[in-house]
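# Structure at a glance
What follows is the residue order along each chain.
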Amino acid sequence: MKNIIKDLIIKSLSKIDKSSNISIESIEVSICKDKKFGDFSSNVSMKFAHLYDLKPRDLARKIIHEIEENDNILKIEVAGPGFINFFVSKNTQFEIIEKILEDKTSFGKNKEGNNKKILIEFVSANPTGPLHVGHGRGAAFGDCLSNILKENGYEISKEYYVNDAGKQIDILTLSVLQRYHELIDNNYDFNYEDLYKGEYVWDIAAEIHRKHEKNFFIENLNSMKINNIDDYISSVKNILSEKKFNEVKNLAVNFIQVNIKKTLILSGINFDSWFFESSLLRDNNLKKVISFLSNNNHTYEKDNALWFKSQQIGDEKDRVLIKENKDHTYLSTDIAYHKNKVERKFNKVINIWGADHHGYVPRIKGAFNIFSKGESDLIILLVQFANLFRGKDKISMSTRSGNFITLEQLLKEVGKDATRFFYIARKSDQHMDFDIELAKSNNSNNPVYYIQYAHARICSIFKQSIENGMQFSFNKDYLELLSKEEEMKIIKKLSSYPDIIKKSAEKYEPHLLTNYMRELAQEIHSYYNKFQILVDDSKLRNARLALIEASRYVLKNSGRIIGINMPDKM
RNA sequence: GCGCCUGUAGCUCAUUUGGAUAGAGCAUCGGAUUUCUAAUCCGAGGGUAGUAGGUUCGAAUCCUACCAGGCGCGCCA
């Protein structure tokens, strides 16, 4: 209907001025929230009045004067500063119910994406410990966004980048070895502060001890002089041998990764691919990328280090790629990773990062553009941290000390549905407070139960209808019996669902969908309380059943996208 | 100090890419179950949109300054 109106406006405009070159994309038509302004409204006359050298209201009048007759439109008015308001016939509005009942679970899908390929990378937490609640928001956001983009006809690949190389992993390995030695001989107690101290480190050490016994034991580790963590790492590597150190490393990383995957599955998230940082270091991959940059004049040498000319591609300053000690920096592998992303020929690449990485955005975007040469877009979406509350009490966390709530604990305590819903119910770039008590509560305070209850209620009515021998049978001719204000409100809400799907994809904002679900649920509850659905008049009854059945599909579909269950019974 | 993000009701947040009278929930107060699930509904109060300017038909939204908060500014990852 929106498109029909846009078309009418364009035609009218070209009648007023044959040379008009206003495109259909620039015509805005929106669904009115207040019914006194009609069903649809457009601001074209205010937007373009200056082009015609007219006052907005005068242009609006002209547009209306020239507009073609259309059976769907009852009347058109000029209002306020120059809005053109369209009043649509009821039968036209009822069409949406028919469409939903036809499309069922595919209602809302569109082909905007045109099967374009998108790589979306998210979570990508270092495998140095279990996922904690801080990772949860990015995880839920990335997964919901993926679902939304799929709904819009994009082909999505979800990827997790595993930082399985580098210093943090060495520190993890060392932490595990430390606990391992303590397990074997409790005289070993070298509490070095940089090491990971979470419970899970004990678990890994215990497993290694169980499987490999004293295979990695170093007799005099206790007496080793420790100046700094780097020396410590290299000494242990030397004594134990690089091979054995790597063996422990692999065992540790693998252990944690299994744990992370488990947590993600509990969150309802499946990744299509896992990309290992270590794969970038094999076969001289990284070297090739760096020589490519050097050959194309993107690097220079200074102070015995190799620098990336990141300033000329939008960064605040230049950055080091190869350190004085010949180690590569984190940035190097990240650039190599993004080169790889470009080579995989996606139409668009999306990264979801914690907001604390925002300073990192220009250099990666810059590097990406060097490789993609404009053939692909990199979009980096930042997700702010969530503060965790238990009622009024803020739960503070420190990661290194191991004193944090894991995502798994949260999922077990709150449940997958509420966890996902709460994480994405706010704009991602907005700080948010996550109240565990609220998410757990099963009363009206909790929007998840509120929405699910609306769905369950509808199911319950259908169950009742069957028990009472009032089986639903759809006949579109009965729909005109829907005349109550509440009914028309719900119809209007249902009509706007496809727009919400489209918009939440365009803006990368899943929270639009959670807001929508809440609003729809509210209208359903109000309607339910005010009117009897299962009335004796079978025509009216079937019309009402059609309305709530359509609502049910929309709830079900949006629930599928958000990743929350819509129960038939509660 | 420099850069990025944010500031909306007592609290948590929306506001359909600049639209019409800024809306929900919680909390507070008052009401509704002989009727399809009260995990629900109906009603009331509550606002100088951080402050001050600017841009235009029109600003919570865009620009500038200031105030307040978060984050980032390593040859760390």
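Residues numbered from 1 in each chain as written. Chains lettered and ligands numbered in written order. Predicted model: local features only at pLDDT ≥ 70, side-chain atom pairs only at ≥ 80, totals over all residues. Heavy atoms only, no water.

For the rest of this paragraph, the subject is the sheet that holds strand 6 (residues 155-162). Spatially, five strands are ordered 7-6-5-11-12 in an open sheet, and the strand pairing comes out parallel. The sheet terminates laterally at strand 7 (273-276) and strand 12 (377-383), the two strands that pair on one side only. If you compare each strand with its neighbour and ignore which way they point, the axes differ by 25° on average. In terms of strand pairing, strand 5 (residues 117-121) meets strand 6 through five bridges, oriented parallel. Looking at strand 6, one finds that Lys117 is bridged to Glu155. Contacts between helix 5 (residues 133-151) and the sheet are confined to strand 5, strand 6, strand 11 (348-354) and strand 12, with strand 6 contributing the most and set at about 160° to the helix. (Pairing = 2+ DSSP bridges. Helix = DSSP H or I, 4+ residues; strand = E, 2+ residues; numbered from the N terminus. Axes fitted to C-alpha atoms, helices over the stretch in contact; angles between N-to-C directions. Contact = heavy atoms within 4.5 Å.)

This paragraph deals with the domain arrangement of chain A. One can read the domain layout of chain A as domain 1 (2-88), domain 2 (94-112 + 444-562) and domain 3 (167-255). Once you take the C-alpha centre of each, domain 2 and domain 3 turn out to be 58 Å apart. (Domains from an automatic or database assignment.)

Attention now goes to the pairing of strand 6. Buried residues dominate strand 6, accounting for six of its eight residues. Relative to strand 7, strand 6 is paired through four bridges, and the arrangement is parallel. In the sheet register, Val162 faces strand 7, and the bridge partner there is Phe276. (Buried < 20%, exposed > 50% of the residue type's maximum accessible area, 1.4 Å probe, protein only.)

A few words now on the protein's contact with RNA strand B. The immediate surroundings of RNA strand B are formed by 65 residues, with Lys36, Tyr450, Tyr453, Ser460 and Lys503 found nearest. The contact atoms of RNA strand B, taken as those within 4 Å of the protein, divide so that sugar and phosphate hold 63%. Here a phosphate oxygen of RNA strand B sits 2.3 Å away from a polar atom, N or O, in the side chain of Ser460. Within the contact set of RNA strand B, a base oxygen lies 3.3 Å away from a backbone nitrogen or oxygen of Leu534. Among the secondary structure elements, those contributing two or more residues to the surface near RNA strand B are strand 4 (83-88), helix 6 (167-184), strand 9 (305-308), strand 15 (432-435), helix 16 (447-467) and helix 18 (511-530). Looking at the surface near RNA strand B element by element, the count peaks at nine residues for helix 18. (Near = heavy atom within 4 Å. Polar contact = N/O pair within 3.5 Å; in protein donor to acceptor, adjacent residues only side chain to side chain.)

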